[in-house]
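Fold and contact review
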Amino acid sequence: MKLKTKIQLFSSLFMLLLILLVNTSIYFLFYKISAENELSRLSNETNTIVETLQANPDVPRSQLLKAFVPENGIIRVIDQNGEELIPTITKSESYTQLAYEFIDHEKRTIEKDEQGHYIAVVMKPIIWENGEVATLQVANFLIALDEMMHTLFYVLVAASLIILIPTVIAGNLLSKFVIQPIQKLIETMKINIHDKNWQLIEVENESKDELYEMVTTFNELMRQLKESFKKQEQFVSDASHELKTPLSIIKSYAELLKRRGKANPELITESIDVIEQEAERMQLLVNQLLDLAKNKQAFPHEPIDLVPLVKKVHRIFADAYDRKIHLDIAEKSVLIKGNEKQIEQVVYILLSNAIKYSEKEIALYLYVKQQFAVLDVIDKGIGIPEEEQKRIFDRFYRIDKARSRQTGGTGLGLAIANEIVKHHGGTIEVVSEIGKGSTFTVNIPMLTNP
Ligand code: ADP
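The residue count restarts for each chain, going from 1 along the sequence in the order it is written. The predicted origin of the model limits local features to residues at a pLDDT of at least 70 and limits the giving and counting of side-chain atom pairs to 80 or more, whereas totals for whole chains, interfaces and linings rest on all residues. Only hydrogens and water are set aside; all other atoms, that is, all heavy atoms of the structure, feed into the side-chain values.

Turning to the overall build of the chain, a few remarks are in order. Summing up its helical and strand segments, the chain has nine helices and 12 strands in all. For the chain, the C-alpha radius of gyration of 51 Å lies well beyond 22 Å, the compact-globule estimate for 450 residues. Overall, the C-alpha framework of the chain stretches about 160 × 55 × 35 Å when taken along its three principal axes. Exposure classes here rest on a 1.4 Å probe applied to the protein chains alone. A residue is buried below 20% of its type maximum, exposed above 50%, and partly exposed in between. Burial status across the chain gives 38% buried among its 450 residues. Contacts are assigned to residue pairs that have any heavy atoms within 4.5 Å of one another. In the chain, 62% of the contacts between residues at least 6 apart in sequence involve partners at least 24 apart. Carbon and sulfur atoms make up 57% of the accessible area of the chain, which amounts to about 27,400 Å² in all. For this count, His and the chain ends are skipped, Lys and Arg are scored as positive, and Asp and Glu as negative. Where a charge lies is defined by one atom per residue type: Lys uses NZ, Arg uses CZ, Asp uses CG and Glu uses CD. In the chain, the 52 positive side-chain charges and the 61 negative ones have mean positions that sit 13 Å from each other. The numbering of helices and of strands both runs from the N terminus, where a helix is a DSSP run of H or I of at least 4 residues and a strand a run of E of at least 2. With the radius of gyration taken over C-alpha atoms, the globule rule is written as 2.2 Å times the number of residues to the power 0.38. Values of accessible area rely on a 1.4 Å probe in the Shrake-Rupley scheme; residue burial ignores everything except the protein chains shown.

Right under this line is the structure:
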């Protein structure tokens, strides 16, 4: 069943139930109050009859009773055997079918005859002429109440129908109001799936309700998907472009060797060197691409102390490069939760960049600031123009492509470092000035409960 039909059906049924409940209550309440009034009135009348009978013992009782007979009713006197002591007193023979019996206490009831008419009946014990106890039965056929109940029934049915019509219309409007944006969403999704499109939904509903939120969330999702899809496309095209360059160099040197290698032995050494260098570059690139593609969740996180980690990387670089690398560690131990190999990789990337893009002394600082482990990698090198500082963390972004290629750069190092640090809940920032140098600062939350 469609959502629209469900809403409509549910709201109409609910309203119908409510109307039925209210109207039935009105009907029965009205009946109860009216019948009770009639009974009270008849009971008073019966009391008056009894009092009059007592006050006038000499007047023949049937004579007296005749004076009290209700317009639409009867008066009966029943002896202890359940027989009538005098013929039923009535203005219409049709009322005499009412059943009777002897009872020795007062009784007030509303009864119904075979045709469904209401009758108010009051029975009261009296002392009859012969000194015996008898039952006085006074009954009144509630013709007016009958008619009133009929009229009320039709009025309530008509009122129910009149209320139900706007309810059905309101249900229809409500379902349309709710369904329309959902239908639009489904249609747009189908178009997007079919046409590989990123179509957005026009935001019409300004009331900032859930439907508005649904549409804006969908639009935001589409924007993010589009952006990530474009990034992926860009990444694949950049990656293949980057791989193409060393491949074509290798290919051209292989062809050169084929054509002129035999006759030219120096060419062989030169070509092999270039081929080896380009193969290494390709290997580095492929490894870095794999690093980026790896599922970061797959790396287990455990407590690590940054002090020995930074010392170790510092020693490796100090031994490998002929460069002064100043190390300053303010703490005895700096604990974070993370993956040792990945954090080492971040320090490697920052230090090798500092070495690549500077010629003077490099400094490495490790300290704690407001529950964050902070690592500063400072160089006095070429610096980074302000407008480029944000973009250097993008994949394959290199400021000076020619120079970067010379230094073996792929443009992936900072992107990898950024992803790793983000995955550790931290940030990497850069402060740099052209010609003066750069400071890369890594902030990673400290381990609070080791
Ligand atoms: P690459 O492999 O090219 O070094 P990165 O992602 O590590 O790639 O860096 C991106 C670019 O940012 C580099 O090409 C370089 O232009 C610039 N860069 C990175 N670190 C430094 C630095 N310490 N000093 C100056 N420029 C830097």
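The next subject is the sheet that holds strand β10 (residues 372–379). Across the sheet, five strands lie side by side as β7-β9-β10-β12-β11; this open sheet has mixed pairing. Because the sheet does not close on itself, it has two edges, and the strands there are β7 (325–329) and β11 (427–433). Going across the sheet, the axis of each strand differs from the next one's by a mean of 15 degrees, ignoring polarity. Pairing between strands is defined by DSSP: at least two bridges between the two strands are required. Across five bridges, the pairing between β7 and strand β9 (residues 362–369) is parallel. When the bridges of β9 are listed, I329 appears paired with L366. Axis definition: a line fitted to C-alpha atoms, limited for helices to the stretch in contact. Angles are taken between N-to-C directions and run from 0 to 180 degrees.

Here we take up a positive patch on the surface. Nonpolar side chains (Val, Leu, Ile, Met, Phe, Trp, Tyr) within 5 Å and like charges within 9 Å form the patches, drawn only from residues with over 30% relative accessible area and no salt bridge. Any Lys or Arg side-chain nitrogen found within 4 Å of a carboxyl oxygen on Asp or Glu counts as a salt bridge. Where like charges cluster on the molecular surface, the positive patch consists of K2, K4, K176 and K190. Considering the arrangement of structural elements, one finds K2 in the segment before α1 (3–55).

What follows deals with the domain arrangement of the chain. Note on interface size: it is often stated as the accessible area lost on association of the parts. Domain delimitation follows an automatic or database domain assignment. For the chain, the assigned domains read domain 1 (3–149), domain 2 (198–297) and domain 3 (300–445). Inter-centroid distance (C-alpha atoms) of domain 2 to domain 3 is 23 Å. Contact residues are listed per partner, giving 17 residues for domain 2 and 15 residues for domain 3. Using a 1.4 Å probe, buried area is obtained as the accessible area two parts lose upon being combined, added over both of them. Carbon and sulfur atoms supply 57% of the area buried between domain 2 and domain 3, which totals about 1,500 Å² over both sides. For the pair domain 2 and domain 3, the number of links is zero salt bridges. N or O atoms closer than or at 3.5 Å make up a polar contact, with two conditions inside protein: a donor-capable atom paired with an acceptor-capable one, and, for residues adjacent in sequence, both atoms drawn from side chains. One can count zero residue pairs in polar contact (both at pLDDT 80 or more) joining domain 2 with domain 3. Where the side of domain 2 that touches domain 3 is concerned, the elements lending two or more residues are α4 (210–260) and α5 (265–293).

Our focus in this paragraph is the packing of helix α3 (residues 143–195) against α4. Contact pair α3 / α4: the axes reach a minimum separation of 10 Å and the direction vectors enclose 10 degrees. For the element pair α3 / α4, the angle class is roughly parallel. Of the residues in α4, those in contact with F177, V178, P181, I182, L185, T188, M189 and N192 of α3 are L211, M214, F218 and M222. Residues were grouped as follows: Ala, Val, Leu, Ile, Met, Phe, Trp, Tyr, Cys and Pro as nonpolar; Asp, Glu, Lys and Arg as charged; and all remaining residues, including Gly, as polar. Partitioned by chemical class, the residues of the contact of α3 with α4 number 10 nonpolar, two polar and no charged. Roughly parallel means an angle under 35 degrees; roughly antiparallel, over 145; roughly perpendicular, 65 to 115; everything else is oblique.

The subject of this paragraph is the sheet that holds strand β3 (residues 107–112). Spatially, the five strands line up as an open sheet ordered β2-β1-β5-β4-β3, and their pairing is antiparallel. Every other strand in the sheet has two partners, leaving β2 (89–90) and β3 as the edge strands with one partner each. Bridging between strand β1 (residues 73–78) and strand β5 (residues 133–141) involves six bridges; their strand directions are antiparallel. Along β5, the bridge assignment pairs I78 with T135.

Further remarks concern the pairing of strand β12 (residues 437–445). Taken across its nine residues, β12 has seven buried, putting it largely inside the fold. Hairpin connection of β11 to β12: three residues between the antiparallel strands, including G435 at a positive phi of 80 degrees.

A large share of helix α9 (residues 413–423) lies buried, amounting to eight of its 11 residues. Among all positions of α9, only G413, L414, A415, I416, A417, N418, I420 and V421 are buried. At its buried positions, α9 is contacted by α5, α7 (340–356), β11 and β12.

Definition of nonpolar core: a set of buried residues of the types Ala, Val, Leu, Ile, Met, Phe, Trp, Tyr and Cys, connected through side-chain atoms within 4.5 Å. Formed by 45 residues in total, the largest nonpolar core has its most connected members in L351, L375, I392, L412, F440 and V442. Per element, the largest residue contribution to this core is eight residues, and it comes from α7. There are two domains that each give this core at least three residues, and those are domain 2 (198–297) and domain 3 (300–445). If we ignore the near neighbours within four places in the chain, the residues touching V442 are V346, L350, A373, V374, L375, V421, T427 and I428. Grouped together as the second largest cluster of nonpolar side chains are 28 residues, L64, Y118, V122 and L145 included.

In this section: the side chain of K124. Structurally, the position occupied by K124 is in strand β4 (residues 118–127). On the accessibility criterion, K124 (16% relative accessible area) is buried. A polar contact is formed between the side chain of K124 and the side chain of N47, at a distance of 3.0 Å. Apart from residues lying up to four places away in sequence, K124 is in contact with T46, N47, V50, E106, A134, T135 and L136.

Moving on: a negative patch on the surface. A cluster of acidic side chains, namely E270, D273, E276 and E280, defines a negative patch on the protein surface. Among the secondary structure elements, E270 is positioned in helix α5. When its relative accessible area of 41% is taken as the criterion, E270 is described as partly exposed.

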